[in-house]
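Letter by letter, the chains look like this.
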Amino acid sequence: MSINLFDLTGKTALVTGAVHGLGMAMAKGLGHAGAKIVINDRSSRETVDNAVAEYKSVGIDAYGYIFDVTDEAAVIENIKKIEAEVGPIDILINNAGIIKRTPIVEMEVKDFAEVINVDLISPFIMSKAVAKGMIARGSGGKIINICSMMSELGRDTVSAYASAKGGLKMLTKSMATEWAKFNIQTNGIGPGYFATTQTAPIRVDGHPFNDFIISRTPANRWGDPEDLQGAAIFLSSKASDFVNGHILYVDGGILATIGKPSNE
C-alpha cells in the first residue's frame, strides 16, 4: 500500500469549530497531510484570527470564517464565499458541538433543544450545503461527523448530548446511503476521553473522575488530541474510498469492555 493513499495535497478541508481543542488537533493533522484548512467559529474575529495564526505558525495553509453553523442562510452564504475564495470543499469535518450537564428532570426544554440544534441539526445543515457542491462538481468528497461514545452509551446528566450524538450516528449512515453513488463517503469519529484544557482540572491524581477514566480505559490513560489525527486523515483520504457509514471510535478501548480492565 502506497503512503500516497493518505496524501491530502491539493484538497481543501473545512473543519467547524476548530479554533482549539480536538477540532484544532484534527485540522492540524489534515494540514500536515497537505490539505488547505478552513476553520469556522461563531465567536470573535480575534479568536478566529489567533487560531489561523497558530496553524500558519506550523506551516499549514489556513483560512478563518465567522458564522453560526445552526444558521442555514449564513452557512449557505459562507460555503459560497469559501469555495470562491479558497477553493471547492473536498473534506468536511462537522466538529462544532456543545454539552449541557443537567439531570433530565431538571433540564429545560430550551436547553435540550439547543444541544440538539448544535450537535445534530448543524451537521445536517453543513453537510447538505457542502454535499450539493460535491454532487454538482461530480468530484466526490469526504464528510466526517464527530460523534461520541455517547452515540452508543447513556450517562447521567447528558441526555441531550447522548440523544444528539445517537442521532448523528444514524444521520451519518443515512448520508452514506444516499450519497455513496456520488462518490461521497460519510463516516464518523467517536472520541473517548481526551486530555484537553477543558479536562485539565479533573486530570489530577486522586480526583475521582480521573481515577475512574484511567481504570475504565484499557489503555490506562486519557487520549492525547493527536491520537485523533490518524483517524481523521484516514477518513479524509483515498485510503477510505470504500469505507462508508461507519463510526470509528478512538477511545482507548472503553467500548470494548463492560467492566474495569484487569491488571493481571
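Quick note: structure is the one above.
Residues numbered from 1 in each chain as written. Predicted model: local features only at pLDDT ≥ 70, side-chain atom pairs only at ≥ 80, totals over all residues. Heavy atoms only, no water.

K.L.:
Just to check I follow, could you spell out the side chain of threonine 199 for this structure?
P.N.:
Following the sequence through the fold, threonine 199 ends up in the loop between strand S6 (184–191) and helix H6 (208–216). Of note is the side chain of threonine 199, whose polar atom sits 2.9 Å from the backbone nitrogen of threonine 196. Excluding residues within four positions of it along the chain, threonine 199 makes contact with Phe194 and Trp222. (Helix = DSSP H or I, 4+ residues; strand = E, 2+ residues; numbered from the N terminus. Polar contact = N/O pair within 3.5 Å; in protein donor to acceptor, adjacent residues only side chain to side chain. Contact = heavy atoms within 4.5 Å.)

K.L.:
Looking at this structure, how should I read unusual backbone geometry?
P.N.:
Negative phi is the rule for most residues except glycine; trans is the rule for most peptide bonds. One non-glycine residue, threonine 157, lies in positive phi territory at about 75 degrees. Within the fold, threonine 157 resides in the loop between strand S5 (141–146) and helix H5 (159–179). Among the residues examined, threonine 157 registers a relative accessible area of 30% and is labelled partly exposed. (Buried < 20%, exposed > 50% of the residue type's maximum accessible area, 1.4 Å probe, protein only.)

K.L.:
Looking at this structure, I do not really get the sheet that holds strand S4 (residues 91–94). What am I missing?
P.N.:
Through backbone hydrogen bonds, the strands of a sheet pair up, either in parallel or in antiparallel fashion. The strand order S3-S2-S1-S4-S5-S6-S7 describes an open sheet built from 7 strands, whose pairing is parallel. Looking at which strands have only one partner, the edges of the open sheet turn out to be strand S3 (62–66) and strand S7 (247–250). Across the sheet, the axes of successive neighbouring strands diverge by a mean angle of 20 degrees, strand direction being ignored. With 5 bridges connecting them, strand S2 (residues 36–41) and S3 associate as parallel partners. (Pairing = 2+ DSSP bridges. Axes fitted to C-alpha atoms, helices over the stretch in contact; angles between N-to-C directions.)

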